[in-house]
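Read off the chains here:
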Amino acid sequence: MTTDRRAEKLAHGGLLNLFAAQELKARQALSDDELALGLTEHTDGPFCPPAPSCPNPPSRYRSFGGECNNLQSSTWGAVHTGFERLLPPDYSDGIWKMRVSSSGSPLPSARAVSNILVLDGSHPSATHNLMFMQFGQFIAHDTSAGTVFTVGNGSALSCCTPHGEEFLPPESQHWACAPIASGPEDNFYGQFRLQCLNFVRAQLAPASDCSVGYAKQMNGATHFPDLSHLYGSSEEKVGLLRAPGGLLKVFQDYGRELPPLTEREECLTVKEGAACFESGDSHGNQIISLTVLHTLWTREHNRIARALSRLNPEWDEEKIYLEARRIAQAEFQHILYSEWLPLLLGSQLVQTFGLYPSPGYCSSYERQVNPSLTAEFSTAAMRFGHSVVDGKLTIPNLKSGNVYETIFIPEVMFQPSRLRVRPFLDRMIAGLSWQPMQTVDPFVTEGLTRYLFHGGNPFGIDLAAINIQRGRDYGVRAYNQYRRLIGLEPLTSFDQFSPNAAQRLASVYESPEDIDLWVGGLLEEPMDGAVVGITFAHILADQFSRIKRGDRYFYENGPDVNPGAFTPGQLAEIKKVTLSRIICDNKDGIELFAQPPNAFVRADLPGNEPVPCDSLIIPAIDLSRFKEI
Ligand code: HEM
Ligand SMILES: [Ca+2]
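So, how was this worked out
- Residues numbered from 1 in each chain as written.
- Chains lettered and ligands numbered in written order.
- Predicted model: local features only at pLDDT ≥ 70, side-chain atom pairs only at ≥ 80, totals over all residues.
- Helix = DSSP H or I, 4+ residues; strand = E, 2+ residues; numbered from the N terminus.
- Rg over C-alpha atoms; globule rule 2.2 N^0.38 Å.
- Buried ≥ 20, exposed ≤ 12 C-beta atoms within 10 Å, placed from the backbone.
- Near = placed C-beta within 6 Å.
- Nonpolar A, V, L, I, M, F, W, Y, C, P; charged D, E, K, R; others polar.
- Axes fitted to C-alpha atoms, helices over the stretch in contact; angles between N-to-C directions.
- Parallel < 35°, antiparallel > 145°, perpendicular 65-115°, else oblique.
- Left-handed = near helix turned anticlockwise from the far one by under 90°.
- Contact = placed C-beta atoms within 7 Å.
- Core = buried A, V, L, I, M, F, W, Y, C linked by C-beta atoms within 7 Å.
- Pairing = 2+ DSSP bridges.
- pLDDT = per-residue confidence, 0-100.

- In the nomenclature of an unreviewed UniProt entry, the protein corresponds to Chorion peroxidase from the organism Chilo suppressalis.

Set out below in structure tokens:
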């Protein structure tokens with residue numbers, strides 16, 4: 001949900017332009033081809049988003065909202081702009097109506113697909129740990145945040161009767177409703193007589209050139225990996241999270257620094273002593289292991305800021321804040337490209353797509369590359385992550401070596417209060433490095449598919465069904481179309497999948513041409529050395545390539561393109577940083593003193609055993625390089 005007034009205005013504009021497209025199509029002034037290919041003469045939509053005013057000369061720092069990155073197209077990658085796409089959308093009316101099957105009949109309900117194809121089951125990864133999963137969600141929240149329509153006062157829309165027994169009658173349903181049907185035979189929801197799962201469509205963004213065309217969904221995050229979910233992407237949010245001295249606000253919990261407490265009623269626990277934290281994106285409490293990363297990065301900003309103010313006593317707090325932010329953003333990008341992506345995609349693809357860091361400055365910037373996220377990345381490929389979540393978090397007691405507690409994940413969604421328990425953060429970090437993540441396959445924990453955000457209720461929502469419906473909401477094409485796009489043969493028979501999957505697929509879909517992208521992607525075998533199958537791998541590699549090539553402020557870019565370029569010496573320091581270093585420098589150090597060299601690989605794997613935090617195997621960044629001379 002958006003609460004931002006500027007976003008509301010833009011979303012309203014996006015809708016006006018959509019109505020205009022519908023009207024033009026009805027008058028046959030816009031053909032289906034023009035719509036699909038975006039080749040319209042109608043650049044005169046009723047709403048034109050105001051162009052940002054960019055500073056001249058360009059700022060040394062990224063803007064908070066991501067605008068003014070590209071000098072020619074100043075809104076590329078900015079918050080509240082639309083998702084782009086790899087292929088033209090599949091809307092049944094060419095404009096916004098949701099996809100139908102290849103024969104023209106309705107697609108199977110997203111819940112029916114989830115119920116039959118997405119099962120619970122434990123398949124631990126032999127190599128990757130849960131920190132890899134958790135960092136993935138952290139990247140996702142930095143770059144992607146769909147926002148759904150709300151009613152005027154910002155409250156959520158309901159598309160079902162109060163207990164979900166049935167759909168609201170069409171005349172009382174909001175036009176942004178697309179509730180998901182669940183049949184009486186449903187394995188889980190059937191027993192609760194739940195036949196309607198609420199689903200609200202995503203808000204739209206107006207095109208920056210004011211053109212009228214098919215619906216483009218709005219991204220509520222800056223598309224760049226720039227820690228916008230930590231710092232905020234508007235002046236107001238940034239201001240709310242800042243503290244004097246160039247620091248980020250913290251909640252001092254008896255000497256331990258946690259993210260600041262929020263006034264928003266976001267968390268489920270209201271007991272005395274309960275905590276609920278603020279973050280740049282207001283989603284930091286979604287699961288406690290995510291809040292752990294917000295905590296570490298908040299502390300990292302403050303650690304850098306304090307060092308900078310010691311080194312450069314003449315700097316004012318504005319300068320300290322912006323420089324600390326610039327360094328933390330660079331560290332984050334470096335970890336993403338040097339450590340996380342090779343483990344996601346395998347070295348071959350990372351090489352092919354030019355994603356590895358260079359020895360010095362890189363020369364990958366291309367001003368004609370639009371960095372914006374694609375609908376396919378956000379609704380399907382990057383949601384591979386939902387398959388790697390484990391339903392349980394194992395928290396060790398590092399003193400005794402025993403398991404301290406095992407938590408069913410819905411118990412720590414929007415309930416981050418355990419972070420106030422003194423040794424919890426240290427224990428959780430260790431747990432995330434020891435516990436394997438799950439493999440990418442059609443198995444998703446029921447903590448996400450049955451009990452998501454259940455609060456005190458006997459059932460929650462189904463994230464798998466939501467992913468499928470969200471793909472249709474965004475007009476993402478069927479799986480086969482993306483196979484064609486990357487040069488593979490389309491699948492012509494369900495039998496080309498494993499026998500078990502084939503039978504399940506055939507029981508829900510009419511044709512292999514109808515399979516939803518998220519489902520098809522999860523059914524693929526992982527590529528060699530990668531976590532995901534070939535189709536997701538290409539969608540992901542394409543995206544991470546474009547948010548590198550299309551980012552003028554990319555940390556490795558030299559002064560020829562980047563107004564905020566680091567010196568070669570500073571860049572070399574940044575490239576020493578690993579996630580293990582960030583953990584070592586920002587843990588509580590109450591029970592945790594050692595860290596595996598690779599924070600994303602299981603700590604029980606030979607060669608990745610934890611080493612003391614002061615070991616040279618986990619190099620430290622020398623911030624004295626950032627003393628102004
Ligand atoms: C840890 C537990 C997680 C929970 C409870 C969770 C929950 C959710 C929810 C509720 C949504 C919004 C669904 C919608 O309305 O469309 C979502 C979206 C998403 N999730 Fe997760 N997720 C988790 C982990 C992950 C991981 C590990 C990744 C990636 C590695 C990931 C990637 C994404 C992406 C890319 C989106 C789309 C974001 C957007 O544009 O709105 N999630 N998740
Ligand atoms: Ca961002």
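Structure's up, so let's keep going.
**Some remarks on the overall build of the protein**
Step number 1: Assigned secondary structure in the protein consists of 19 helices and twelve strands.
Step number 2: For a compact globule of 629 residues, the expected C-alpha radius of gyration is about 25 Å, and the protein comes in at 24 Å, within 12% of that figure.
Step number 3: Each principal axis of the C-alpha atoms in the protein carries an extent, and together these give about 65 × 60 × 50 Å.
Step number 4: Here the protein holds 629 residues, and 50% of them are scored as buried.

**So, the site of ligand 1**
Step number 1: The immediate surroundings of ligand 1 are formed by 20 residues, with Gly136, Ser144, Gly146, Met382 and Gly385 found nearest.
Step number 2: Those elements that place two or more of their residues in the shell around ligand 1 are α4 (130-143), α10 (385-388) and α13 (463-473).
Step number 3: With four residues, α4 is the largest single contributor of residues to the shell around ligand 1.
Step number 4: By residue class, the composition of the shell around ligand 1 is ten nonpolar, eight polar and two charged.

**Here's the deal with the packing of helix α7 (residues 288-311) against helix α11 (residues 424-434)**
Step number 1: Contact pair α7 / α11: the axes reach a minimum separation of 11 Å and the direction vectors enclose 110°. Relative to α11, the element α7 is oriented roughly perpendicular. Taken as a pair, α7 and α11 cross one another with a handedness that is left-handed. Facing Ser289, Val292 and Thr295 of α7, the residues of α11 in contact are Leu425, Met428, Ile429 and Leu432.
Step number 2: Considering only residue class, the contact of α7 with α11 consists of five nonpolar, two polar and no charged.

**What to know about the packing of α7 against helix α8 (residues 317-352)**
Step number 1: The interhelical angle for the contact between α7 and α8, taken along N-to-C directions, is 125°, at an axis separation of 9 Å. Comparing the axis directions of α7 and α8 gives the class oblique. Note that α7 runs across α8; the crossing there is right-handed. Contacts between α7 and α8 involve Trp297, Glu300, His301, Ile304, Ala305, Leu308 and Ser309 on the former and, on the latter, Ile320, Tyr321, Glu323, Ala324, Arg325, Ile327 and Ala328.

**Section: the nonpolar core**
Soluble, globular proteins show a tendency: their nonpolar side chains are buried together.
Step number 1: In terms of nonpolar packing, the biggest core is built from 151 residues, with Phe135, Leu341, Leu345, Val519, Val532 and Leu540 touching the most fellow members.
Step number 2: It is α8 that provides the largest number of residues to this core, a total of 16 residues.
Step number 3: When neighbours within four sequence positions are excluded, Leu341 is seen to be in contact with Leu336, Val350, Leu355 and Phe544.
Step number 4: Listed in part, the five residues of the second largest apolar core include Trp76, Ala78, Val79 and Ala145.

**A closer look at the pairing of strand β8 (residues 392-396)**
Step number 1: Two elements, β8 and strand β9 (residues 403-408), share five bridges in a ladder whose sense is antiparallel. Residue pairing for β9: Pro396 is matched across the bridge by Val403.

**Description of unusual backbone geometry**
Step number 1: Residues Asn56 and Pro57 are joined by a peptide bond in cis, for which omega reads 0°.
Step number 2: With respect to the helices and strands, the residue Pro57 is situated in the loop between α2 (32-37) and α3 (110-117).
Step number 3: The phi dihedral of Cys210 falls on the positive side, at around 70°, and the residue is not glycine.
Step number 4: Relative to the elements of secondary structure, Cys210 occurs in the loop between β3 (196-197) and α5 (228-231).
Step number 5: With 16 C-beta atoms counted inside 10 Å, the residue Cys210 sits in the partly exposed group.
Step number 6: Its identity as a non-glycine residue notwithstanding, Phe414 has a phi of 55°, on the positive side.

**Things to note about the confidence of the model for the protein**
Step number 1: Overall, the predicted model of the protein reaches an average pLDDT of 95, with 99% of residues at or above 70.
Step number 2: Listed scores for the predicted complex are pTM 0.97 and ipTM 0.99.

**Some thoughts on α3**
Step number 1: Burial analysis of α3 places seven of its eight residues in the buried class, the great majority of the element.
Step number 2: Turning to α3, its buried residues are Ala110, Arg111, Ala112, Val113, Ser114, Asn115 and Leu117.
Step number 3: Structurally, α3 contributes buried residues whose contacts are with β2 (180-181), β3, α12 (446-449), α13, α15 (499-508) and α16 (517-523).

**Overview of the environment of Arg306**
Step number 1: Of note, Arg306 is situated in helix α7.
Step number 2: In this structure the C-alpha to C-alpha distance between Arg306 and Glu265, which are 41 residues apart in sequence, comes to 32 Å.

**Points about the environment of Trp340**
Step number 1: Inspection of the secondary structure assignment puts Trp340 in helix α8.
Step number 2: Classification of Trp340 as buried rests on a count of 20 C-beta atoms within 10 Å.
Step number 3: For Trp340 and Phe600, which are 260 residues apart along the polypeptide, the C-alpha to C-alpha distance reads 7.3 Å.
Step number 4: Every residue in contact with Trp340, bar those within four places of it in the chain, is listed here: Phe135, Ile335 and Phe600.

**So, the environment of Pro563**
Step number 1: Tracing the chain through its elements places Pro563 in the loop between α17 (534-549) and α18 (568-574).
Step number 2: When the C-alpha atoms of Pro563 and Thr291 are compared, they prove to be 32 Å apart, with 272 residues separating the residues in sequence.
Step number 3: Setting aside chain neighbours within four positions, we find Pro563 in contact with Pro58, Ser59 and Arg60.

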